[in-house]
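Structural overview
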Amino acid sequence: MIYPERRARLAAQLGAGGIAIIPTAPERPRNRDSDFPYRHDSYFYYLTGFSEPQAWLVVTAEGAATLWCQPKDLEREIWDGFRLGPEAAVGQLKVQAAHSVSDLDRLMPSLLENRRTVWYPFATHNGLETRIDGWLQKVRARVRFGAECPSEQRDLCTLLDEMRLVKDAHELAIMRRAARISAGAHVRAMQTSAQRLRAGEEVREYHLEAELLHEFRRHGSQFPAYGSIVAAGANACVLHYRADAAPVRDGELVLIDAGCELDGYASDITRTFPANGRFSGAQRALYDLVLASQDAAIAATRAGAKFTDPHEATVKVLSQGLLDLGLLDKNRHGNVEDVIEQRHYFRYYMHRTGHWLGMDVHDCGSYVEPGETGTLSTRRDPLSGETLINRPSRVLRPGMVLTLEPGLYVRAADDVPQAFWDLGIRIEDDAVVTPEGCELITRDVPVKADEIEALMRG
Ligand code: GLY
Ligand code: MN
Ligand code: MN
């Protein structure tokens, strides 16, 4: 079991007198007396593998782990389901002690007594700081009896984010399985689109979303890792579009960005395909450009490279291609260096080429090298207007997982060749960094235009 080992690695970083407090996620009401499906907190799960609600973990620098969880309660279990309970938790989760969560406030002050530093995740759980303050007040009330109160509070995310950034073998095995399930779901959606159109049946975005969900669930995935995007035609140019009810028409492209969560780990795949299974000339030209830019990103992804290298490689290929296709004008926008320098490509490519992937789809982990402070830049982010900070990019290491997801989004406009109007294309794969390069774990769904067409003919 991997969890005690992770807790030991954390304990070793807490410093003499350190203690870490990690709550799981709260249950969240959806409406009236119905809750959203419960999803544990990722940090908590990383250290316990325990997915029941109302649970807390404490780890001390000496390596002792204490768990609080829901007590056994036959009546509640009849209504809500099985609870592990504190007694069984000790053996099953390999913690040193376990208590009912109803004893949390009573027991926590004594654990905090005579400790130097309290670690907990900052700014992630509403009300956590207040709760910890309450426990510390109880400790302080005992100072006149000789107790020492912790004098330092530190952000536990700084330690756990670094640990989670480099995936261990246990995590990679789950992520490969999640990726395979998601790839199968994309295959199924592509084939369904072509088959239904060939049969003269109506296709709507939700028909394709239903195929994705069916495939996720029948392979044991607990949830989609994020709200699935199934965007027909011009909807693909809306970056945060969700699967809705728009008709999927013969001759249009469909962009699907969907991935399952399996045993707490996300996958994240985007494919763009012709609804009827055959790319038109302009669709194919733009598709091949995005694919070439992804190839460049893949080639730039290896241990020792910077996190920003794949993005820069992508932008170079896209910028040249936009000039070649006439979407940018050599006379107005200059050569490829000018397009990059002046960010003219931004009109069609306005997001980054990737993000960390893990338990969370946009996983934790700093995008800059730890310890580097950087300098305030004079540049502003073109979308948000925020002042950018120049900081040295994170260096990739084996076991880091990131997405590679270039795209182009062309809205109708007078200065844009009409053949490209309303085309939105993104191609997204999940890459595990290796010493020599990267392993793409999502390639069980084809990505080359010819291969997509062949699959959709079948
Ligand atoms: N599906 C979310 C993303 O691609 O970042
Ligand atoms: Mn992504
Ligand atoms: Mn995605």
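Our subject is the structure that appears above.
Presented here is an overview of the structure given in this document.

With that out of the way, let us pick up the environment of Val166. Tracing the chain through its elements places Val166 in the loop between helix H7 (157-165) and helix H8 (169-198). Judged by its relative accessible area of 23%, Val166 is partly exposed. Val166 sits 13 residues away from Gln153 along the chain, and the two C-alpha atoms are 25 Å apart. Among all residues touching Val166, those that are not within four sequence positions of it are Glu171, Arg397, Pro398, Gly399 and Met400.

Across the two faces of strand E10 (residues 229-232) the burial is the same, with Ile229 and Ala231 and Val230 and Ala232 all buried. Two elements, E10 and strand E11 (residues 253-258), share four bridges in a ladder whose sense is antiparallel. Bridging across to E11, Val230 finds its partner in Ile256.

As a further point, take the nonpolar core. With 112 residues, the main nonpolar core has Leu67, Leu156, Leu208, Ile256, Tyr287 and Leu408 as its most contacted residues. With 13 residues, the single largest contributor to this core is H8. Aside from chain neighbours lying at most four places away, what touches Ile256 is His186, Ala189, Leu208, Leu212, Ile229, Val230, Ile269, Thr270, Arg271 and Phe273. Ile19, Val58, Met108 and Leu112 belong to the second-largest nonpolar core, a separate cluster that totals 18 residues.

What follows covers the site of ligand 1. In the region of ligand 1, the neighbouring residues are Tyr226, Asp257, Asp268, His355, His362, Glu405 and Glu428. With respect to ligand 1, the side chain of Asp268 contributes an N or O atom lying 3.2 Å from an oxygen atom. Within the contact set of ligand 1, an oxygen atom lies 3.2 Å away from a side-chain nitrogen or oxygen of Glu428. Taking 200 Å² as the accessible area of ligand 1 by itself, protein coverage stands at 84%.

Another point: the sheet that holds strand E12 (residues 260-262). Read across the sheet, three strands follow the order E9-E12-E13 without closing on themselves; strand pairing throughout is antiparallel. Each of the sheet's edge strands pairs with one partner strand only, and the pair in question is strand E9 (223-224) and strand E13 (265-266). Sheet topology places E9 next to E12; two bridges connect them, and they run antiparallel. Its bridge partner being in E12, Phe223 is matched across the sheet by Glu261. In this fold H8 packs onto E12 and E13, with an angle of close to 145° to the strand it touches most, E12.

With that settled, consider the coordination of the manganese ion (ligand 3). At the metal site, the manganese ion (ligand 3) is ligated by Asp257 (OD), Asp257 (OD), Asp268 (OD) and Glu428 (OE), and these contacts range over 2.0 to 2.4 Å. Classification of the site at the manganese ion (ligand 3) as irregular follows from its six donor atoms and the range of 57 to 170° in their angles at the metal. In terms of primary sequence, the donors binding the manganese ion (ligand 3) are separated according to D-x10-D-x159-E. The distance between the manganese ion (ligand 3) and the manganese ion (ligand 2) comes to 3.3 Å, and Asp268 binds to both of them. One end of the pair, Asp268, is in the loop between E13 and strand E14 (269-274); the other, Glu428, is in the loop between strand E19 (423-426) and strand E20 (429-433), and 160 residues separate them in sequence. Accessibility assignment for this pair places Asp268 and Glu428 in one class, buried.

As enumerated under the stated definition, the model contains zero disulfides in all. Between Cys260, a cysteine without a disulfide, and Cys364, which holds the nearest cysteine sulfur, the sulfur-to-sulfur distance is 19 Å. Classification of Cys260 as buried rests on a relative accessible area of 0%.

Turning our attention to the coordination of the manganese ion (ligand 2). Protein coordination of the manganese ion (ligand 2) is provided by Asp268 (OD), His355 (NE2), Glu405 (OE) and Glu428 (OE), with donor distances spanning 2.0 to 2.2 Å. Viewed at the metal, the six donor atoms of the manganese ion (ligand 2) are separated by angles of 50 to 155°, and the geometry they form is irregular. Look at where the donors of the manganese ion (ligand 2) fall in the sequence and you get D-x86-H-x49-E-x22-E.

About the criteria used
- Residues numbered from 1 in each chain as written.
- Chains lettered and ligands numbered in written order.
- Predicted model: local features only at pLDDT ≥ 70, side-chain atom pairs only at ≥ 80, totals over all residues.
- Heavy atoms only, no water.
- Helix = DSSP H or I, 4+ residues; strand = E, 2+ residues; numbered from the N terminus.
- Buried < 20%, exposed > 50% of the residue type's maximum accessible area, 1.4 Å probe, protein only.
- Contact = heavy atoms within 4.5 Å.
- Pairing = 2+ DSSP bridges.
- Core = buried A, V, L, I, M, F, W, Y, C linked by side-chain atoms within 4.5 Å.
- Near = heavy atom within 4 Å.
- Polar contact = N/O pair within 3.5 Å; in protein donor to acceptor, adjacent residues only side chain to side chain.
- Areas by Shrake-Rupley, 256 points an atom, 1.4 Å probe, with all protein chains shown as cover.
- Axes fitted to C-alpha atoms, helices over the stretch in contact; angles between N-to-C directions.
- Donors = N, O, S within 2.8 Å, 3.2 Å for Na, K, Ca; no water.
- Tetrahedral: all angles 85-135°; square planar, octahedral: opposite > 155°, others 65-115°.
- Disulfide = S-S within 2.5 Å.

Geometric descriptors of this kind do not, in isolation, establish any biological role.
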